There are 2 protein chains.
Amino acid sequence: MADKRVGKQTIKLGTPPTVISTASIVGPKEGDGPLRHTFDLVIDDEMWGEKTWEKAESKIVKETWSRILEKASKAPDDINYIIAGDLLNQCIATTFGLRGSSVPYLGIYGACSTICESLGIGSMLIDGGFADNVVCITSSHFCSAEKQFRFPLELGTQRPPSAQWTVLGCGGALISNRGQGPYITHVTTGKIVDMGTNDANNMGGAMAPAAADTIVNHFKDTGFTPDYYDLILTGDLGIIGMSICEEIVNEMGFNISKKLNDCGLMIFDRIRQDVHAGASGCGCAATVFAGHIYQEIMKNNLKKVFLVATGALLSPTSTQQGETIPSIAHGISISRTLN
Amino acid sequence: MADKRVGKQTIKLGTPPTVISTASIVGPKEGDGPLRHTFDLVIDDEMWGEKTWEKAESKIVKETWSRILEKASKAPDDINYIIAGDLLNQCIATTFGLRGSSVPYLGIYGACSTICESLGIGSMLIDGGFADNVVCITSSHFCSAEKQFRFPLELGTQRPPSAQWTVLGCGGALISNRGQGPYITHVTTGKIVDMGTNDANNMGGAMAPAAADTIVNHFKDTGFTPDYYDLILTGDLGIIGMSICEEIVNEMGFNISKKLNDCGLMIFDRIRQDVHAGASGCGCAATVFAGHIYQEIMKNNLKKVFLVATGALLSPTSTQQGETIPSIAHGISISRTLN
């Protein structure tokens, strides 16, 4: 029997895994933002000595993987699974970045929700007795993403105010069945939600209903109220999407206004750094979690966090064919202690 | 403790899940092949009434999902997770096909290894107490894949003898913690293997070392010998890849010559249907498993099968940048009974 299920979408982990170590590497623009001191490494330029943006992104994944292991004093042999993915077609940033790892690999695709999808699956594999240690990683790269999803950077195409800036960064974590926290206590897996939005330049707006759905169902499943958390943190809704999400959740009877923030509003100074509606990309939630949030939890400044990474499951082809934007949001509940 | 691990890469499921139902939908060419009577539906043309190949592929995914539920007499509400993915950029065949499902969704990307990756994760989620019922689905579409990965079909580009023909088809299964088999007893998760091959027109050759690695490690982990199985079935190595795989595994001390076959050699009549080295695509292993193999197991003609779906983790961009082809193979062990 599925005795670890709580409600329709949520798992309560029997023996909550510990986040043993995290690592993050970001690009120069992220390194110029408000969270600059929270990352492990800020690279000087978008190529990082490679010949293409895609190869640079793979290198960032590879180096983040190394740092996660190093910070936990683990060897690749200690890791039972890597669960990872990215935004590039066929997830090549990840597969090329990790091809030398020699660790069983589960590739996932959840667009910008990837970090929470991987931490969720990883937590279940550990709690189920299938793994001792799992590494979860995801990345995005502004240049490789713009080239693939939008326009050649060289064109200098103007961006509408609702557009978001894809984070150049990779973040990840090692989770384990041994440790004294922070613990992943609950996993709320999202459903695909498509409310008919079709503006690929307003991804936050498209993803907001999915984020709201996951947040509301997390409360319904667990019986928690917003008071349970110090912070409810969406992945990359940006300024437009976050306010839509807040409104929907409040309308559904859960007032999250005092608890809600968004990684896409934290990593850049939105005005000074001219990123329009905020940041986006798999690397956004991943690096903000692996850096700032994890550090604040370790310092006891945050005790309970609900991290809800959000993904827009479209492609340039679907947009060209006039389709709307299916979205998803996966949530994990992180707690400093088990009290 | 990870007490369900056996060796480095394998899980022995404590309470092996049952494959309750399967379904498959294929295109006209597959419907003209030797396995024509094993599929649930053969569609008449590649568009299936839609305006684009991509929309047709999504429709096939949606209809396969419906049939899997129908054959098991289940409603969407009975399903705890869908685990699915496909070959299209950002996995849009799957996300658009399943956007109306209202079921928690875990998107994965394992190229043509997807069906075994999904059955493997799904089996662990069930055995770990996280789910009662999981649906695993994957698809590919010859036309959408050729357009994306190779050349416009209208060009009529000549294909080298080592090329494989992407299956137009979707296959999937419902696995459950209730049932009398066939059971998924073991899961062997693959590592990324890159032996330096860079010929994107010889994917079978590129994937063969990954398949061999998973097969050999499955034997080492479990202590099984090839005699344990009635059939060791790779996903889509084709005629070239299968012979390389056989040679590597035999050299490693396990003679699989009498047990080995390949879904990519079963679904088409290779000579009459002019598919060169065989079939490929996520839909290849998925539809052969969901149709022919599942039916043979249910008839007791096959009692123990090791299904090893194989994936090439490249993209057109990585090939254009001169990269080699990282590959992976995930294995699941299926047994008619628990004796």
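How each quantity is defined
Residues numbered from 1 in each chain as written. Chains lettered and ligands numbered in written order. Predicted model: local features only at pLDDT ≥ 70, side-chain atom pairs only at ≥ 80, totals over all residues. Heavy atoms only, no water. Least-squares fit on C-alpha atoms with pLDDT ≥ 70 in both. Contact = heavy atoms within 4.5 Å. Buried < 20%, exposed > 50% of the residue type's maximum accessible area, 1.4 Å probe, protein only. Helix = DSSP H or I, 4+ residues; strand = E, 2+ residues; numbered from the N terminus. Pairing = 2+ DSSP bridges. Core = buried A, V, L, I, M, F, W, Y, C linked by side-chain atoms within 4.5 Å. Buried area = accessible area lost by both parts, 1.4 Å probe. Salt bridge = Lys/Arg side-chain N within 4 Å of Asp/Glu carboxyl O. Polar contact = N/O pair within 3.5 Å; in protein donor to acceptor, adjacent residues only side chain to side chain.

What exactly am I supposed to notice about the relation of the copies chain B and chain A here?
The relation between the two copies of this chain is a rotation about an axis and a shift parallel to it. With an axial shift of 0.0 Å and an RMSD of 0.0 Å, the rotation relating chain B to chain A amounts to 180°. Taken together, the rotation and translation relating the two chain copies correspond to the operation of a two-fold axis. Interface residue correspondence from chain B to chain A reaches 100%, placing this contact among same-surface, isologous pairings.

Any chance you could explain the pairing of strand S10 (residues 183-188) of chain B here in plain terms?
The side chains of a regular strand alternate, residue by residue, between the two faces of the sheet. Residue and element names in this part refer to chain B. Counting buried positions along S10 gives six out of six residues, so the element sits mostly inside the fold. As judged from the three bridges shared by strand S2 (residues 10-12) and S10, these two strands associate in the antiparallel manner. When the sheet's bridge partners are listed, Lys12 is paired in S10 with His186. As judged from the five bridges shared by S10 and strand S15 (residues 327-335), these two strands associate in the antiparallel manner. For Val187, the partnering residue across the bridge sits in S15 and is Ile332.

Would you explain the nonpolar core in this entry?
Soluble globular proteins tend to bury their nonpolar side chains together. Counting 104 residues, the largest nonpolar core has Ile293 of chain A together with Ile293 of chain B as its most contacted members. For Ile293 of chain B, the contacting residues outside a window of four places in its chain are Leu231, Leu233, Met266, Val288, Leu302 and Val305 of chain B. Core analysis: the next-biggest nonpolar cluster, separate from the first, contains 60 residues, Cys91, Tyr105 and Cys112 of chain A together with Trp48 of chain B among them.

So what exactly am I meant to see when it comes to the interface of chain B and chain A here?
Note: interface size is frequently given as the accessible area lost on complex formation between the parts. Taken together, the contact between chain B and chain A spans 65 residues of the former and 65 residues of the latter. Here chain B packs against chain A, burying approximately 5,500 Å² in sum over the two surfaces, 58% of which is carbon and sulfur. It is Gln90, Arg99 and Phe130 of chain B in chain B that bury the most area against chain A; as a group they hold 14% of the surface buried on that side. Where chain B meets chain A, there are eight salt bridges. Ionic pairing is found between Arg99 of chain B and Glu323 of chain A, a salt bridge with its closest N-O pair at 3.0 Å. Taken together, the connections running from chain B to chain A amount to 38 residue pairs in polar contact (both at pLDDT 80 or more). Breaking the side of chain B that touches chain A down by element, the ones donating at least two residues are helix H2 (53-71), helix H3 (92-97), strand S6 (105-107), helix H4 (114-127), helix H5 (142-149), helix H10 (316-320) and S15 of chain B. Ranked by residues supplied to the side of chain B that touches chain A, first place goes to H4 of chain B with five residues.

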